[in-house]
Amino acid sequence: MRYIRRVDERITPRTVIEALLPDEGEVALALVYDAANAVGVADQPLRLALRRMASAGELTLDGRGRGGSTRLTGLGQERLRRDRVGLALAFAQDAGDAPWDGRWWLAAISTPERERAVRDALRRDLLAAGAAPISTGLYASPHDLTDVVDADARAHLVTASATALDLRGVDDPAEITEALWPAAPVDRAYDAVEEALADDRGTPLVRRLRLAAALEAAMREDPLVPPELRTRPWRPSRLRLAWLERWHALADGAAEVYRGWL
C-alpha cells in the first residue's frame, strides 16, 4: 500500500472529479468518493475541491455527502472541452491524421494599459496552449490557437500566418522548434506515463485514474509540436499510443472514467 500511495501522489482531488464527470448528465458522489479513496485521496480534500469547483461555477452539487450527485455546468463543459482539444490533437498527430500545413501562427496582444489584467490573462492562455514568445508581446505556434483562447479575449489579439519564419537568423523549421520548444523537457515529462504503463497494481478504475493523472501531467509540459518538426522516433508519441491501447484494454472494468470524453 505504501508503494501505491507514493506512485499515486500526482492524482489530485480535481483529477478524480474531472475524470468521473461525464460530458452530459450527472454522476453519483458515492462513486467519486470511492474512487478518490481508492487512490489515496481522503474525503476532506475531495469535499473542498468539489466546493471550490461549485463556487467557481464549473459544476453543481445536489444533495449532501455520498448521497448526492454532481454534474458539469456549461462553464465546466467549456473548460474541459478546451482541455480536451489538446488531447484530441495529440492522438490525431500520433495516428498521422493531423499533418503540419507548414504555416506558423503568429499572435500579438493589443490591449490598452488600463486593461492589463486582460493582457496578463491572454499571456497565460497562450503559454498554456503551447505558444512561445518570440518578441515583446508577440507569440508563435505551429498551430492556429484561436479556438483555445477565450472568446471574449480574442478581440485583443492581432493574428497572422506565415509559411516562412526567421527567428534571429534561424529559418529552418526544425531548428526553430528546438529553440522555442526544446525536446528534452517534453520528453522527460512523459516519464510519468511510462511509469504508469508499467504499474499494473489495483483495479481497472484505479489504473485508469493513474493513467489519466500521468497523461495530464505530461500534457501540461507538451506544446504538441507537429511530429514532422521533431526527431524520429518521437518517444512521447510512442508512449501516447501505448497509453491509448492500455486505456481501451481497461474499458470493461472502468468505463465510467472520462465517459463521453474519449
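The rules we used
- All residue numbers refer to positions counted from 1 along the written sequence of the respective chain.
- Side-chain atom pairs in this predicted model are given and counted only at pLDDT of 80 or more, local residue features only at pLDDT of at least 70, and totals for whole chains, interfaces and linings cover all residues.
- Here the side-chain values reflect all heavy atoms present in the structure, with hydrogen atoms and water set aside.
- Under the scheme used here, helices are H or I runs from DSSP no shorter than 4 residues and strands are E runs no shorter than 2 residues, and both carry numbers assigned from the N terminus.
- Just to be clear, the radius of gyration here is over C-alpha atoms, and the globule rule we use is 2.2 Å times residues to the power 0.38.
- Type-normalised accessible area, obtained with a 1.4 Å probe on protein chains alone, sets the label of each residue: buried when under 20%, exposed when over 50%, and partly exposed for intermediate values.
- The contact criterion used throughout is that any non-hydrogen atoms of two residues lie within 4.5 Å.
- Here the open area of atoms and residues is found with the Shrake-Rupley method and a 1.4 Å probe, where only the protein chains shown may cover a residue.
- We count Lys and Arg on the positive side and Asp and Glu on the negative side, and we leave His and both chain ends out.
- In plain terms, the charge of a residue is placed at NZ if it is Lys, CZ if Arg, CG if Asp and CD if Glu.
- Each pair of strands is called paired provided DSSP finds at least two bridges between the two strands.
- Orientation is described by axes fitted as lines to C-alpha atoms, over the contacting stretch for helices, and by angles from 0 to 180 degrees between their N-to-C directions.
- Confidence of the predictor at the level of single residues is captured by pLDDT, which takes values from 0 to 100.
- For this analysis, a ring pair means two rings from Phe, Tyr or Trp (six-membered ring only for Trp) whose centres lie within 6.5 Å, classed as stacked if their planes differ by under 30 degrees, edge-to-face if by over 60, and tilted for the remaining angles.

1. Focus on the overall build of the protein chain
On a plain count of helices and strands, the protein chain comes out with 11 helices and seven strands. A compact globule built from 262 residues should have a C-alpha radius of gyration of about 18 Å, and the protein chain, at 20 Å, falls within 12% of that. Its C-alpha atoms give the protein chain principal-axis dimensions of roughly 60 × 45 × 30 Å. Per-residue burial for the protein chain yields a buried fraction of 45% across its 262 residues. Of the contacts made within the protein chain by residues no fewer than 6 positions apart, 74% connect residues no fewer than 24 positions apart. Accessible surface for the protein chain amounts to roughly 13400 Å². Of this, 50% is attributable to carbon and sulfur atoms. In the protein chain, the 36 positive side-chain charges and the 41 negative ones have mean positions that sit 6 Å from each other.

2. Considerations on the sheet that holds strand β7 (residues 157-162)
The strand order β5-β6-β4-β7 describes an open sheet built from four strands, whose pairing is antiparallel. At either end of the open sheet lies a strand with only one pairing partner, and these are β5 (132-135) and β7. Between one strand axis and the next, the sheet turns through 30 degrees on average, direction left out of account. Across the face of the sheet, helix α6 (residues 116-128) comes into contact with β4 (104-109), β5, β6 (138-141) and β7 while running at roughly 160 degrees to β4.

3. Considerations on the confidence of the model for the protein chain
For the protein chain, the average pLDDT comes to 88, and 95% of its residues sit at 70 or higher. Every residue in residues 1-7 is under pLDDT 50, and counting partners more than four places away or in other chains gives seven contacts.

4. Overview of the packing of aromatic side chains
Evaluation of the coordinates by the stated rule reveals four aromatic pairs. Arranged with centres 5.2 Å apart and planes meeting at 70 degrees, the rings of Trp 100 and Trp 104 form a pair that is edge-to-face. Judged on exposure class, the residue Trp 100 and its partner Trp 104 are both buried. Plain terms: the ring middles of Trp 104 and Trp 181 are 6.3 Å apart, the flat faces sit at 5 degrees to each other, and that makes the pair stacked. Pair noted here: Trp 104 is in strand β4 and Trp 181 is in the loop between α7 (173-180) and α8 (183-189), with a separation of 77 residues, a long-range link. One aromatic cluster in this structure is built from Phe 91, Trp 243 and Trp 247.

5. Notes on the environment of Leu 167
By the element assignment, Leu 167 lies in the loop between β7 and α7. The exposure class assigned to Leu 167 is buried, which follows from its relative accessible area of 8%. Measuring from C-alpha to C-alpha, the distance between Leu 167 and Ala 179 comes to 9.1 Å, with 12 residues separating the pair along the chain. Look past the residues within four positions of Leu 167 in its chain and what remains in contact with it is Ile 134, Ile 176, Ala 179 and Leu 180.

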